[in-house]
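Listed below are the residues making up each chain.
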Amino acid sequence: MNPINDYLKDTVKELQGEKAFTYLAKAREVAERRGVKVISFGIGQPDIPTFDNIVNAAKRALDERFTGYTETEGIRELREAIADYLNYRYHAGVRPDEVIVTTGTKTAIFLAIAAYIRPGDEVIIPDPTYPAYPELTKFFGGKPIYVSMKFNPEEGFRLDLENMENSITPRTKAIVINNPHNPTGAIFRPEEVMKLLEIAKDYKLLVIVDEIYDNFVYEPGAFKSVLELEPEWRNYVLYTNGFSKTFSMTGWRLGYLVASREVIEPIRRLAANTYSCPPSIAQKAGVEALRNEASWRSSRTMIELFRRRRDVMYEELSKIPGIEVWRSTGAFYMYPRVKKILDKLGMDVERFADWLLENYGVVVLPGTAFSETNMGREYVRLSFALDEKLIREGMERIRKAVEG
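In what follows, the accompanying structure is described. (Residues numbered from 1 in each chain as written. Predicted model: local features only at pLDDT ≥ 70, side-chain atom pairs only at ≥ 80, totals over all residues. Heavy atoms only, no water.)

1. Brief notes about helix 17 (residues 388-403)
At step 1: In a regular helix each residue adds 1.5 Å, so 16 residues correspond to 22 Å; helix 17 covers 22 Å between its end C-alpha atoms and thus fits that length.
At step 2: Of the positions making up helix 17, those classed as buried are Ile391, Gly394, Met395, Arg397, Ile398, Ala401 and Val402. One face of helix 17 carries all of its buried residues, which in axial projection span an arc of 155°. Facing away from the buried side of helix 17 by more than 90 degrees, the exposed set consists of Lys389 and Lys400.
At step 3: Buried positions along helix 17 lie against strand 1 (39-40), helix 13 (293-317), helix 14 (339-345), helix 15 (349-360), strand 12 (362-363) and strand 14 (380-383).
At step 4: Its side-chain oxygen placed 2.9 Å from the backbone nitrogen of Lys389, Asp387 serves as the N-cap of helix 17. (Helix = DSSP H or I, 4+ residues; strand = E, 2+ residues; numbered from the N terminus. Expected span 1.5 Å × (residues − 1). Buried < 20%, exposed > 50% of the residue type's maximum accessible area, 1.4 Å probe, protein only. Arc of directions from axis to C-beta. Contact = heavy atoms within 4.5 Å. Polar contact = N/O pair within 3.5 Å; in protein donor to acceptor, adjacent residues only side chain to side chain.)

2. Section: the sheet that holds strand 3 (residues 122-127)
At step 1: Ordered by their spatial adjacency, 7 strands build an open sheet running 2-10-9-8-7-3-4, and the pairing between neighbours is mixed. Two strands close off the open sheet at either side, each with one partner strand: strand 2 (99-102) and strand 4 (143-148). When strand polarity is set aside, the average angle formed by the axes of neighbouring strands in this sheet is 20°.
At step 2: Judged from the 4 bridges that link them, strand 8 (residues 206-210) and strand 9 (residues 237-242) form a sheet pairing that is parallel. Opposite Asp210, over in strand 9, you have Thr240 as the bridge partner.
At step 3: Packed onto the sheet, helix 6 (residues 105-116) meets strand 2, strand 7 (172-178), strand 8, strand 9 and strand 10 (255-258) and runs at close to 160° relative to strand 9.
At step 4: Across the sheet, helix 7 (residues 132-139) touches strand 3, strand 4, strand 7 and strand 8, and the angle it forms with strand 4 is around 150°. (Pairing = 2+ DSSP bridges. Axes fitted to C-alpha atoms, helices over the stretch in contact; angles between N-to-C directions.)

3. Notes on the layout of surface pockets
At step 1: Roughly 380 Å³ of volume is contained in the second largest pocket.
At step 2: Lining the second largest pocket are 14 residues, with Tyr85, Tyr88, Asn215, Trp296 and Arg300 positioned closest to its centre.
At step 3: Listing elements by their share of the lining of the second largest pocket, those giving two or more residues are helix 5 (76-90), helix 12 (280-291) and helix 13.
At step 4: Of the residues that constitute the lining of the second largest pocket, the class distribution is 6 nonpolar, 3 polar and 5 charged. (1 Å grid on protein atoms, 1.4 Å probe; cavity = no way out; pocket = protein on both sides within 12 Å on 5 of 7 lines; lining within 4 Å. Points joined across faces, edges and corners; volume = space filled by probe spheres on them. Nonpolar A, V, L, I, M, F, W, Y, C, P; charged D, E, K, R; others polar.)

4. Quick notes on unusual backbone geometry
Note: most residues except glycine have negative phi, and most peptide bonds are trans.
At step 1: A cis amide bond, omega 10°, links Asp127 with the succeeding residue Pro128.
At step 2: Mapped onto the elements, Pro128 comes out in the loop between strand 3 and helix 7.
At step 3: Cis geometry marks the peptide bond from Asn182 to Pro183; its omega dihedral reads 20°.
At step 4: Along the chain, Pro183 turns up in the loop between strand 7 and helix 9 (190-202).
At step 5: Even without being glycine, Ser248 reaches a positive phi, approximately 50°.
At step 6: Take Ser248: it is sitting in the loop between strand 9 and strand 10.

5. Things to note about the pattern of salt bridges
At step 1: Under the defined criterion, the tally for this structure stands at 34 salt bridges.
At step 2: Residue Asp121 is joined to Lys173 by a salt bridge in which the shortest nitrogen-to-oxygen separation is 2.8 Å. Linking Asp121 in the loop between helix 6 and strand 3 with Lys173 in strand 7, this pair joins segments that are 52 residues apart in sequence.
At step 3: In this structure Asp121 comes out as buried when scored by relative accessible area, which is 11%.
At step 4: A salt bridge links Arg392 to Glu388; the nearest nitrogen and oxygen atoms lie 3.5 Å apart. Placement of the pair is Arg392 and Glu388 together in helix 17, with a separation of 4 residues, close to one helical turn.
At step 5: Members of the salt-bridge network, linked through shared partners, are Arg95, Asp97, Glu98, Arg234 and Arg261. (Salt bridge = Lys/Arg side-chain N within 4 Å of Asp/Glu carboxyl O.)

6. A word on the sheet that holds strand 14
At step 1: Pairing in this open sheet of 3 strands is antiparallel, and the strands run 11-14-13 from one edge to the other. The sheet terminates laterally at strand 11 (333-334) and strand 13 (365-366), the two strands that pair on one side only.
At step 2: The sheet contact formed by strand 13 and strand 14 spans 2 bridges and is antiparallel. When the bridges of strand 14 are listed, Leu365 appears paired with Arg381.

7. Points about the nonpolar core
Nonpolar side chains in soluble globular proteins tend to end up buried together.
At step 1: One finds Phe41, Leu86, Phe243 and Ile398 to be the most contacted residues of the largest nonpolar core, which totals 112 residues.
At step 2: Excluding anything up to four places from it in sequence, Ile398 contacts Phe41, Ile320, Leu356, Val362, Val364 and Leu382.
At step 3: If you look at the next biggest cluster of nonpolar residues, it comprises 25 residues, including Ala108, Ile113, Leu206 and Ile208. (Core = buried A, V, L, I, M, F, W, Y, C linked by side-chain atoms within 4.5 Å.)

Structure follows, in structure tokens:
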């Protein structure tokens, strides 16, 4: 017997990693082995460096030796800044003691699921999905219930609210909503979100909310936060968000969870036993990000740049035969349907992604990274968080691959 292997929990062995990082490693290997320039539409992070004023705030924190442990829930200054942002933007009435700062939004999602999901509980998740929600559900003994989203190239991706409600059983504990949505780039209409919240209230379900892309909105008035739509959010909402996307701070690992004060304290104890506290220097940078108008000017400039990149990607994808594509309205992704191409080439979507990388130096993520159903087997995800010239060159490589 080998205890180090034999005693490992099955739930750990069965966890699926995030394939964006898998393909990042594959791309580096192909670039080194073949000596070619690889164009990656894979990883979901802005290509813009963290804004100067935020970096300088972190440097000041270092100079002042603000390098020790902080409160587990995050420094008061940052929790006040987060509450002020949410209240200014969404009129949410959030108090600082209803905020816990985390080591990235993914940790906030971990805390929410760890605190509530028991073995046998079911969690309804729109499909396709960011993989953390179903994987953590399974890790804690729960069962993800996938409900496929509706898609057509004219209207894009929409929640199937009827099927979501029909999927509720006595074991259902929660519904997940990620809006704006990864991987599809959809923004769910306010009336869709309101209906989902009504369903949750009627059946006494939790709603786990991830709004990390809340500033990447390309259509006026398209996005409404759950905190804005639901004055009674404290009764059943676990809200997560963070700094990675809006302020291009992916490596700083800074996010937050908002919930009623009564549950923040036990969740704080869970956090204390998981990671002690968020990085002290990153917290000071987070205060600067939220409080200084210079951060928001830089963020708006970046988002406008991404809007132009989205339009370029949509224009170029639309020229490729066999691709059904919709102009996404949020985040920085497109999720085109490529079934006709797969049928023509006689490939499944994972082989197609590997083929593009090996033969044409282009990274796209197979839809199976985000779904176990047809919503994965017939789609690919592309990020437009890269230079416009690279987008055009990458699209041209894909067009040549498909036509050739």
